[in-house]
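Secondary and tertiary structure notes
Next come the chains, spelled out residue by residue.
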Amino acid sequence: MDFEDTPDEAAFRTKARAFLDANAERRKPGAVEGYRRGQDAPGAMERAKDFQRRKFDAGFVGFHWPTEWGGQGGTQIQNVIYNQEEAKYDVLTGLFGIGIGLAMPTICTWGTLEQRETFVQKTMRADYVWCQLFSEPGGGSDLAALRTRAEKDGDEWVVNGQKIWNSGAHYSDYGILVARSDPDAVKHAGLSFFILDMKAPGIEIRPIRQVSGSSHFNEVFFTNVRIPDSRRVGPVGAGWKVALTTLMNERHGMRDAPGPDFNELFSLARQVELEDGLAIDNAAVQEKLAEFYVRSQGLKFTKFRGMTALSRGQTPGPESSIIKVVAANKLQDILSYGLDLIGMAGPTMGDTMPVSGIFEEALLYSPALRLAGGTDEIMKNIIAERVLGLPQDPRVDKGVPWRDVPTGPRATGTKG
Amino acid sequence: MNFDFSDELKQLRDEARRFLTDRCPPAVPRRILESDEPYDRALWRSIAEMGWTGAAIPEAYGGVGLGRLAVCVIAEELGFHVAPVPFASSVYLATEAVLQYGSEAQKRAYLPKLATGELIGTFALAERAGTSDPRKLTATVNGGTLTTVKLAVPDGDVADFAVVAVNGGSGPWLYLADLHGPGVTKEVVTTIDPTRSHAKLSFTAAPADPLAAATGPESVRRLLDFAAVPMAFEQVGGAQAALEMGNAYAKERYAFGRPIGSFQGIKHKLSDMYIQVEMARSNAYYGAWAVHTEAAELPIAASVARISACEAGWFVTKENIQTHGGMGFTWQMDCHLYYRRAKQLALALGSAREWKLRLISELRNRNTEDLQAA
Ligand SMILES: Cc1cc2nc3c(=O)[nH]c(=O)nc-3n(C[C@H](O)[C@H](O)[C@H](O)COP(=O)(O)OP(=O)(O)OC[C@H]3O[C@@H](n4cnc5c(N)ncnc54)[C@H](O)[C@@H]3O)c2cc1C
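Residues numbered from 1 in each chain as written. Chains lettered and ligands numbered in written order. Predicted model: local features only at pLDDT ≥ 70, side-chain atom pairs only at ≥ 80, totals over all residues. Heavy atoms only, no water.

**A look at the overall build of chain A**
We apply this condition: Numbered from the N terminus, helices here are DSSP runs of H or I no shorter than four residues, and strands are runs of E no shorter than two. Only the C-alpha atoms count toward the radius of gyration. The rule for a globule is 2.2 Å times the residue count to the power 0.38. To sort residues, take the accessible area from a 1.4 Å probe on protein chains only and compare it with the maximum for the residue type: under 20% means buried, over 50% means exposed, and anything in between is partly exposed. Between two residues, a contact is recorded if the distance between any of their heavy atoms is within 4.5 Å. Accessibility throughout is a Shrake-Rupley quantity obtained with a 1.4 Å probe, and a residue counts as covered only by protein chains that appear here. Positive charges are assigned to Lys and Arg, negative charges to Asp and Glu, while His and the chain termini are left out of the count. Each charge is placed at NZ for Lys, CZ for Arg, CG for Asp and CD for Glu.
A count of helical and extended segments in chain A gives 11 helices and 10 strands. A globule of 416 residues ought to have a C-alpha radius of gyration of about 22 Å, and chain A, at 23 Å, matches this closely. Counting the 416 residues in chain A, one finds 51% classified as buried. For chain A, restricting intrachain contacts to residue pairs at least 6 apart in sequence, the fraction spanning at least 24 positions comes to 74%. When the accessible surface of chain A is summed, it comes to about 18,200 Å², and 51% of that surface belongs to carbon and sulfur atoms. A gap of 4 Å separates the mean positions of the 49 positive and 54 negative side-chain charges of chain A.

**What about the site of the ligand?**
Note the threshold: Being near a molecule or strand, for a residue, comes down to having at least one heavy atom within 4 Å of it. We call two N or O atoms a polar contact when they sit within 3.5 Å, provided that within protein one can donate a hydrogen and the other can accept it, with sequence-adjacent residues counted only if both atoms are side-chain atoms. Under the scheme applied here, ten amino acids are nonpolar (Ala, Val, Leu, Ile, Met, Phe, Trp, Tyr, Cys and Pro), four are charged (Asp, Glu, Lys and Arg), and all others, including Gly, are polar.
A:Ser141, A:Trp165, A:Thr375, A:Glu377 and B:Gln264 are the nearest of the 19 residues found near the ligand. More than one chain reaches the ligand: its neighbouring residues belong to chains A and B. Here A:Ser135 contributes a backbone N or O atom positioned 2.8 Å from an oxygen atom of the ligand. Here A:Asn381 contributes a side-chain N or O atom positioned 3.4 Å from a nitrogen atom of the ligand. Protein chains bury 70% of the 970 Å² of accessible surface belonging to the ligand in isolation. No other element matches the 3 residues that helix H11 (residues 376-387) of chain A contributes to the shell around the ligand. Among the residues making up the shell around the ligand, the classes are represented as 8 nonpolar, 10 polar and 1 charged.

**Considering the pairing of strand S7 (residues 217-228) of chain A**
All names here are of chain A. Quick reminder of the rule: Pairing between strands requires that DSSP locate at least two bridges from one strand to the other.
When strand S3 (residues 156-164) meets S7, the two strands line up antiparallel, connected through 8 bridges. Note on S7: the bridge partner recorded for Glu156 is Pro228. Bridging between strand S6 (residues 203-208) and S7 involves 6 bridges; their strand directions are antiparallel. If you follow Glu204 over to S7, its bridge partner there is Phe221.

**Some words on the pairing of strand S2 (residues 149-153) of chain A**
In summary, the side chains of a regular strand alternate between the two faces of the sheet. Residue and element names in this part refer to chain A. Two strands pair when backbone bridges link them, and S2 and S3 are joined in this way by 5 bridges, in the antiparallel orientation. Note that in S3 the partner of Glu151 across the bridge is Val158. In textbook terms, the turn of a hairpin is the stretch between consecutive antiparallel strands, and for S2 and S3 this stretch comprises 2 residues, one of which, Gly154, has a positive phi near 65°.

**Digging into the sheet that holds strand S5 (residues 174-178) of chain B**
Residues and elements named next belong to chain B. Spatially, the 4 strands line up as an open sheet ordered S1-S4-S5-S8, and their pairing is mixed. Sheet topology places strand S1 (121-124) and strand S8 (209-210) at the edges, where each strand pairs with a single neighbour. Two strands pair when backbone bridges link them, and strand S4 (residues 161-165) and S5 are joined in this way by 5 bridges, in the antiparallel orientation. Looking across to S5, one finds that Phe161 is bridged to Asp178.

**Quick word on the sheet that holds strand S7 (residues 198-207) of chain B**
Residues and elements named next belong to chain B. Test applied: Only C-alpha atoms enter the line fits that serve as axes; for helices the fit covers just the stretch in contact. Angles between N-to-C directions range over 0 to 180 degrees.
With antiparallel pairing, 4 strands are arranged side by side in an open sheet as S2-S3-S7-S6. Whereas interior strands pair on both sides, the edge strands pair on one side only; in this sheet they are strand S2 (140-142) and strand S6 (184-189). Strand-to-strand twist of the sheet, defined as the mean angle between neighbouring strand axes without regard to direction, takes the value 15°. Here 6 bridges tie S6 to S7, and the two strands are oriented antiparallel to one another.

**Some words on a nonpolar patch on the surface**
Residues and elements named next belong to chain A. Our working rule: Distance thresholds for patches are 9 Å for like charges and 5 Å for nonpolar side chains (Val, Leu, Ile, Met, Phe, Trp, Tyr), applied to residues having over 30% relative accessible area and no salt bridge. The salt bridge criterion pairs a side-chain nitrogen of Lys or Arg with a carboxyl oxygen of Asp or Glu, the two atoms within 4 Å.
Together, Val211, Met349, Leu363 and Leu364 make up a nonpolar patch on the protein surface, roughly 360 Å² of accessible area in all. Here Leu364 shows up in helix H10 (residues 358-369). The class of Leu364 is partly exposed, set by a relative accessible area of 30%.

**Remarks on the packing of helix H8 (residues 283-311) of chain A against helix H8 (residues 264-293) of chain B**
Our working rule: Roughly parallel refers to an angle under 35 degrees, roughly antiparallel to one over 145, roughly perpendicular to one between 65 and 115, and oblique to any angle outside these ranges.
For the pair H8(A) and H8(B), the least separation of the axes is 8 Å and the interaxial angle reads 80°. With respect to their mutual orientation, H8(A) and H8(B) come out roughly perpendicular. Across the interface between the two elements, A:Val294, A:Arg295, A:Gln297, A:Gly298, A:Leu299, A:Phe301, A:Thr302 and A:Arg305 of H8(A) pack against B:Glu278, B:Met279, B:Arg281, B:Ser282, B:Asn283, B:Tyr285 and B:Tyr286 of H8(B). Residues that form the contact of H8(A) with H8(B) fall into these classes: 6 nonpolar, 5 polar and 4 charged.

**Section: the interface of chain B and chain A**
What counts, and what does not: Throughout, the accessible surface (probe 1.4 Å) given up by two parts as they are put together, summed over both, is called the buried area.
Taken together, the contact pairs 46 residues of chain B with 52 residues of chain A. Across the chain B/chain A interface, buried area totals approximately 4,600 Å², and carbon plus sulfur atoms make up 64% of it. Of all residues in chain B, the largest losses of buried area upon contact with chain A belong to B:Met1, B:Tyr274 and B:Arg364, amounting jointly to 19% of the total for that side. Connecting chain B to chain A are 7 salt bridges.

**Things to note about the packing of helix H9 (residues 298-323) of chain B against helix H11 (residues 352-364) of chain B**
All names here are of chain B. Spelled out, the test is: We call a crossing left-handed when the near helix sits turned anticlockwise from the far one by less than a right angle, and right-handed when that turn is clockwise.
Where H9 contacts H11, the two axes come as close as 9 Å, and the packing angle between them is 150°. With respect to their mutual orientation, H9 and H11 come out roughly antiparallel. Relative to H11, H9 is oriented so that their crossing is left-handed. Facing Pro299, Ile300, Ala302, Ser303, Val304, Arg306, Ile307, Cys310 and Glu311 of H9, the residues of H11 in contact are Ala352, Trp355, Lys356, Arg358, Leu359, Glu362 and Leu363. For the contact of H9 with H11, a count of residues per class yields 10 nonpolar, 1 polar and 5 charged.

**Observations regarding helix H7 (residues 262-269) of chain A**
Counting buried positions over the 8 residues of H7(A) gives 6, a clear majority of the element. By the burial criterion, the buried members of H7(A) are A:Phe262, A:Glu264, A:Leu265, A:Phe266, A:Leu268 and A:Ala269. Buried residues along H7(A) sit in contact with strand S10 (277-278), H8, helix H9 (321-342) and H10 of chain A together with H11 of chain B.

**A short note on empty space enclosed by the protein**
Residue and element names in this part refer to chain B. Put simply, the rule is: Think of a 1 Å grid over just the protein atoms. A cavity is a set of points where a 1.4 Å probe fits yet cannot get out, a pocket is an open set with protein on both sides within 12 Å along at least five of seven lines, and lining residues have an atom within 4 Å of a point. Grid points are joined across faces, edges and corners, and a volume is the space filled by probe spheres set on the points.
Scanning all chains against the criterion turns up 7 cavities of 30 Å³ or more. By volume, the largest cavity is sized at about 90 Å³. The set of elements that each furnish at least two residues to the lining of the largest cavity consists of helix H4 (68-80), helix H5 (87-101) and helix H7 (216-252). Counting residues per element, the lining of the largest cavity draws most heavily on H5, at 5 residues.

**Some words on the side chain of A:Ser296**
Residues and elements named next belong to chain A. Relative to the assigned elements, Ser296 resides in helix H8. For Ser296, a relative accessible area of 10% gives the class buried. Looking at Ser296, its side chain comes within polar contact range of the side chain of Asp261, at 2.6 Å. Ignoring anything within four residues of it in the chain, the contact list for Ser296 reads Asp261, Phe262 and Lys330.

**Details of the packing of aromatic side chains**
Threshold: Stacked, tilted and edge-to-face are the three classes applied to pairs of Phe, Tyr and Trp rings, where Trp contributes its six-membered ring and a pair requires centres within 6.5 Å; stacked means planes under 30 degrees apart, edge-to-face means over 60, and tilted covers the rest. Charges are assigned to positions over rings by a cutoff of 6 Å between ring centre and Lys NZ or Arg CZ, combined with an angular limit of 35 degrees from the ring normal.
In the structure shown here, the tally under the stated rule is 37 aromatic pairs over all chains. When the ring of A:Tyr128 is compared with that of A:Tyr174, the centres are 5.0 Å apart and the planes differ by 65°; the resulting orientation is edge-to-face. Of this pair, A:Tyr128 sits in the loop between helix H5 (113-124) and strand S1 (130-133) while A:Tyr174 is found in strand S4 (residues 174-180), placing the two residues 46 residues apart along the sequence. When sorted by exposure, A:Tyr128 lands in the same class as A:Tyr174, which is buried. Among the aromatic residues, those joined into a ring-pair cluster are A:Phe3, A:Phe301, A:Phe304, B:Phe3, B:Phe5, B:Phe233, B:Tyr285, B:Tyr286 and B:Trp289. The side chain of B:Arg17 reaches across the aromatic face of B:Phe80, ending 4.7 Å from its centre. Note that B:Lys343 overlies the ring of B:Trp314, its terminal NZ or CZ placed 5.3 Å from the centroid.

Below, the structure written as structure tokens:
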């Protein structure tokens with residue numbers, strides 16, 4: 001039992017570090033990663049693409065994919081090691097997460113050779129940026145309830161409808177889209193999956209302002225948008241299965257939540273003065289700190305157990321769903337407690353506080369981490385059903401043609 | 001990255017599980033609960049014959065020499081099966097104390113008999129309600145004899161000797177006391193978990209043999225750190241069993257025409273139980289690594305493992321009762337076996353509250369960046 005890299009893993013880590021040292025700035029000690037921070041700064045996209053190209057040239061993009069996909073047949077553990085190292089540097093790679101992490105694995109699993117040849121290399125080297133056009137006003141958790149229609153017209157599909165919450169749609173070149181090709185089929189059977197050129201006529205993108213004030217996601221409207229049939233991924237009517245490949249890749253990522261963690265709270269407690277002295281000397285504060293430390297460590301060692309599985313060439317199962325739930329909730333609890341310690345002076349945004357505004361910043365983005373990529377409740381359903389083998393909730397939409405499934409008044413969104 | 005037990009240790013765990021499934025089903029702790037028998041003597045003999053009591057004792061002293069990781073995997077299975085045996089007292093505490101602080105002569109006298117299960121040891125610390133900080137102890141040894149009263153000593157009625165913590169000043173803080181010797185009275189006490197017997201031990205000028213190397217209150221803390229890790233595995237084992245019990249019931253019990261496990265109030269509760277068990281397990285692994293390597297960060301790792309295990313044990317065993325409805329509150333259902341044991345174990349080495357304060361004080365003493373596993 002140890003935490004050591006195998007010799008191969010250590011060699012790979014050294015290689016990754018050498019590349020990063022030569023091509024990126026190491027994050028300053030104590031600096032904390034935010035959520036999509038810096039993404040809106042002028043020139044950010046160009047800098048991010050430039051780094052991505054160098055990363056591609058150095059062979060660090062998709063190297064863990066099979067060679068048929070354009071990868072190098074590397075291992076999942078190498079991918080984790082690279083990401084661990086990259087996280088120590090100030091680089092913006094979030095922009096490419098959907099293309100590389102979700103769209104390419106889905107297209108390579110289900111798509112045609114021609115689709116692979118058209119998209120994989122160019123996506124790897126940041127020529128193409130992708131967005132995910134899944135959620136709709138009528139349902140995000142209940143993705144298969146989607147209403148956006150795709151109707152066959154000769155060699156083309158004609159798409160009408162609306163998507164929502166689509167991160168980065170406003171700067172993306174392509175989108176992965178699930179639409180309803182057969183409204184008479186039962187809900188999950190009538191869907192098909194497409195690659196959509198975001199510059200195609202008939203697409204209207206409207207940014208949505210988020211709690212944090214910035215606008216990283218959008219509403220996307222389709223009016224008679226035409227997609228050639230050659231851009232369909234997987235068989236007609238198999239859209240649900242194809243989308244599940246995307247969702248698996250999204251949910252099994254062993255993702256942590258960026259933002260203040262135990263160390264930041266600890267450092268805050270050593271600086272803040274309470275009624276009876278420094279916060280760190282107060283027993284009630286110490287108990288809370290200890291609880292957060294235990295949660296942080298539990299998360300870290302759960303990831304280590306997942307990495308051990310990867311290191312042995314096994315796939316960590318749905319067990320890794322717990323990481324996202326625990327991480328997002330821990331973040332929210334830590335930053336609320338940190339702000340409580342700061343007290344009346346707490347609400348100030350910016351550089352004035354002992355820990356320079358990171359708790360305030362995270363307060364405003366943290367709700368997203370419990371929603372995006374599967375809400376807490378959906379993740380807990382997954383744990384209950386797939387790990388513990390509990391029965392599904394009874395459903396009123398099973399075996400019923402999609403047309404006849406009840407919907408609420410908000411299902412059609414703002415424009416429909 | 002190899003943050004897991006070796007195949008040999010996993011094999012040992014599987015053997016332990018098979019043996020205990022057969023030999024220690026819930027009817028066994030229940031029998032102890034419902035009788036005056038303090039522990040299952042036949043089970044104890046079998047456990048000793050399989051070498052579990054000597055797992056961490058080097059071969060030179062009559063043990064099997066498998067090391068502390070072996071004790072951890074066995075502990076998890078004992079916890080899963082709520083085994084009514086003095087294993088924790090004798091192995092995690094008494095044996096560990098002799099191994100760490102005993103003289104050569106003491107090791108030769110005690111370890112071979114601890115290994116065969118012929119001798120049962122325990123650990124006596126608490127003198128009153130509240131803190132178990134060794135610095136607050138009042139017991140002292142004068143002229144080689146001990147006079148004090150120790151409360152709620154696990155297995156105090158069945159142990160042959162006790163490792164007794166005292167306020168040793170500049171001398172030793174741990175002593176060996178023969179519980180069959182003069183000046184010792186044992187009074188069996190009823191506790192929340194009668195599947196593990198407890199006694200109040202009164203020492204009146206009782207002969208006490210110093211563990212000379214146990215200097216300062218830190219030596220007592222260190223012993224608790226070493227014990228907290230296998231204890232955390234035992235707690236995780238119990239929590240796992242309660243989770244499995246609740247999960248099985250949720251699948252077979254129907255209400256409103258459907259399995260209760262299809263109601264999200266129950267489903268999400270079970271997911272939360274699973275999350276707690278897995279987090280506690282991961283933290284126990286961290287502890288295992290630290291006792292195995294005797295890492296400098298052991299006090300931190302042990303505290304983390306301990307706190308996490310106490311929280312998981314409490315949450316999971318109480319929610320298992322809740323999942324069972326009225327049935328969960330019956331004597332007849334086994335839910336209370338896990339519930340009782342979880343709280344007993346959560347108090348045995350000092351409560352999570354104390355370990356939390358200790359954890360923070362340890363973290364303050366060092367720069368977190370220096371931690372190996374950080
Ligand atoms: C920052 C951010 C970025 C996003 N980016 C994208 C993107 O790029 N592309 C994209 O397609 N989508 C994206 N999403 C959408 C995201 O996937 C959905 O918001 C999410 O799946 C929830 O769907 P919903 O918003 O429709 O909420 P709903 O599904 O309406 O959920 C509302 C509440 O009901 C609960 N609920 C729903 N169903 C169940 C159930 N079966 N059991 C118990 N509780 C239930 C939910 O947990 C939630 O608490 C993004 C969201 C956020 C916040």
